[in-house]
Amino acid sequence: MLGSKTSLLACFALATALATPASAQMPQQQPDSKSFKLGSFDIVALHDAQFVRPNDNTIFGVDRSAEEVADVLRAAGAPTDTITLSVDALLVKQPKRLILIDTGVGGALQQSLLQAGFKPEDVTDVLITHSHPDHMGGLVKGGNLAFPKATIRMSSPEWAFAQKNDQLAEVVKAIDGHVKTFKPGAEVVSGITSVGLKGHTPGHVGYEMVSGKEKLFDIGDTVHSSIISLARPDWPLGFDNDAAVGEETRIKTLKKLATSKELIFAPHFPFPGVGHIQSDGDHFKWVPAS
Ligand SMILES: [Zn+2]
C-alpha cells in the first residue's frame, strides 16, 4: 500500500519533473514524428520530451529498494542508476478530422507536428487520456489555446478531477468552455472509443482506434517504463492516484493485451511507443513494432 508520505513525494517529483511547460528549466527537446497506416486512418506518433529520472524509489518500486529496481534494469541491459521515460502523443488523420490524443508537457510536440506536415490550427479534436501535466500541459501555449480550433474531449470524472487540481488552474482556466466530456466507454469520435482504465487517475481512459480490420489501442498511463512496468507490474507506482486500483488495472490490462496480441501505443515507452505486449513467464515484455 502506498503511504501518504510516499504519495506526497511522488506528487512533488511529478510536479517538478513534468509540470514545467517549455520553460528554461526543461532542457531543449528534439522533435520527432513517425507515420504509419491503420486501415484507412493515417497515424503519426509525435515526440514531445524525454525525461531521465534517478532510480530513487519515488516513482518505481516505491516499497522496494533501489537495488531491487536496479536488478530489474540490469536484467534488461539498461543503466541501473536512472530510468528514462519518453513523452509522446498520437495523431489520427481521418477524412474530416485531425485528432490529437494527448498533448505532451509543452516540449517539442508542436515542432513534431509541423515536421509531420500539420499546423496546430488543423487539429479538430484533442482527446485527453488523463489530466497529468505531461498529457495536457501542451494544451496551452503562452496563456493561449495551443490548438485553437479543437474541441477538447476528456472523461467527465477526469474533468472534475482536473478542476480540483491547483497545479492545473492555469490550464483549466484557458480550456474551460472548449471541453466536451464523455462517459468512460463511450465512442468519442467516429472510430475511436474510450476505455476506462481506473487507478492512475479517477477518470483515466485509453482510446481504441478501429479502421476496417485494424486496431490500435492507446493505453495512456496504464504503464510507464517499458522495463519495470512490464517486469514488475505488481509494484506500486508513485504516479498512481490509487496504487491498489492502478496495480489491478495494470495487471488485468497487460494479461488481456498479451492474449489479444493487439497493437498498442504507450506514451512513455521508447519513441514511437508502438508495439505489442508479450507474456514472459509470470510477467511481460515489450516487443516494439518493426
Ligand atoms: Zn499520468
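Residues numbered from 1 in each chain as written. Predicted model: local features only at pLDDT ≥ 70, side-chain atom pairs only at ≥ 80, totals over all residues. Heavy atoms only, no water.

A. Structural context of the sheet that holds strand β14 (residues 264–265). The strand order β10-β11-β12-β13-β14-β15-β16 describes an open sheet built from seven strands, whose pairing is mixed. Two strands close off the open sheet at either side, each with one partner strand: β10 (187–189) and β16 (283–288). Sheet topology places strand β13 (residues 214–218) next to β14; two bridges connect them, and they run parallel. Residue F217 lies in a different strand from β14, and its bridge partner there is I264. With respect to the sheet, helix α8 (residues 243–260) is in contact with β13, β14, β15 (274–280) and β16, its orientation differing from that of β15 by roughly 100 degrees. (Pairing = 2+ DSSP bridges. Helix = DSSP H or I, 4+ residues; strand = E, 2+ residues; numbered from the N terminus. Contact = heavy atoms within 4.5 Å. Axes fitted to C-alpha atoms, helices over the stretch in contact; angles between N-to-C directions.)

B. Spotlight on the packing of aromatic side chains. The final tally for this structure, using the stated rule, is two aromatic pairs. Taking the centre distance of 4.8 Å and the plane angle of 75 degrees together, the rings of F269 and W286 count as edge-to-face. Remark: W286 occurs in strand β16 and F269 occurs in the loop between β14 and β15; sequence separation between them is 17 residues. An identical accessibility class is assigned to F269 and W286; each is buried. (Phe/Tyr/Trp six-rings, centres within 6.5 Å; stacked < 30°, edge-to-face > 60°. Buried < 20%, exposed > 50% of the residue type's maximum accessible area, 1.4 Å probe, protein only.)

C. Up close: the nonpolar core. Counting residues in each nonpolar core, the largest one holds 27 residues, and the members touching the most others are L100, V126, L139, F147 and I175. When residues of this core are traced back to their parent elements, those giving at least two are β2 (41–54), β3 (82–93), β4 (98–101), α3 (109–115), β8 (151–155), α5 (156–163) and α6 (169–175). The element that contributes the greatest number of residues to this core is α6, accounting for three residues. Residues contacting V126, with those up to four places away along its chain left out, are L100, T103, L139, F147, A150, T151, I152 and R153. If you look at the next biggest cluster of nonpolar residues, it comprises 20 residues, including I43, F182, I192 and M209. (Core = buried A, V, L, I, M, F, W, Y, C linked by side-chain atoms within 4.5 Å.)

D. Structural detail: the sheet that holds strand β9 (residues 179–182). Read from one edge to the other, the open sheet built from seven strands follows the order β1-β2-β3-β4-β5-β8-β9, with strand pairing classed as mixed. Bordering the open sheet on either side are β1 (33–38) and β9, each of which pairs with just one other strand. For this sheet, the mean inter-axis angle between neighbouring strands, taken without regard to orientation, is 25 degrees. Two elements, β8 and β9, share four bridges in a ladder whose sense is parallel. Bridge pairing links R153 to K180 in β9.

E. Structural view of the side chain of Q94. Turning to its location among the elements, Q94 is positioned in the loop between β3 and β4. On the basis of relative accessible area, Q94 is assigned to the buried category, the value being 9%. A polar side-chain atom of Q94 sits 2.8 Å from the main-chain carbonyl oxygen of S190. When residues no more than four places from it in sequence are discounted, the contact partners of Q94 are F41, I99, S190 and I192. (Polar contact = N/O pair within 3.5 Å; in protein donor to acceptor, adjacent residues only side chain to side chain.)

F. Focus on the pattern of salt bridges. Under the defined criterion, the tally for this structure stands at nine salt bridges. The shortest N-O distance in the salt bridge between D63 and R64 comes to 3.4 Å. Assessed through its relative accessible area of 31%, R64 is described here as partly exposed. Its salt-bridge partner being R250, residue D240 comes within 3.2 Å of it at the nearest N-O pair. Placement of D240 in the loop between α7 (228–231) and α8 and of R250 in helix α8 is noted, with a sequence separation of 10 residues between them. (Salt bridge = Lys/Arg side-chain N within 4 Å of Asp/Glu carboxyl O.)

G. Summary view of the confidence of the model for the protein. Mean pLDDT for the protein: 91, with 91% of residues reaching 70 or above. Across residues 1–24 the pLDDT falls below 50, and counting only partners more than four positions away or on other chains, this stretch makes 35 contacts in the model. (pLDDT = per-residue confidence, 0-100.)

H. Expanded view of the coordination of the zinc ion. The protein atoms that coordinate the zinc ion are H130 (NE2), H132 (ND1), H200 (NE2) and D221 (OD), at distances spanning 2.1 to 2.3 Å. The site at the zinc ion holds four donor atoms, and with the angles between them running 88 to 173 degrees, its shape is irregular. All donors of the zinc ion belong to a single chain; written as a sequence motif, their spacing is H-x1-H-x67-H-x20-D. H132 matches H130 in its accessibility class, with the two residues each being buried. (Donors = N, O, S within 2.8 Å, 3.2 Å for Na, K, Ca; no water. Tetrahedral: all angles 85-135°; square planar, octahedral: opposite > 155°, others 65-115°.)

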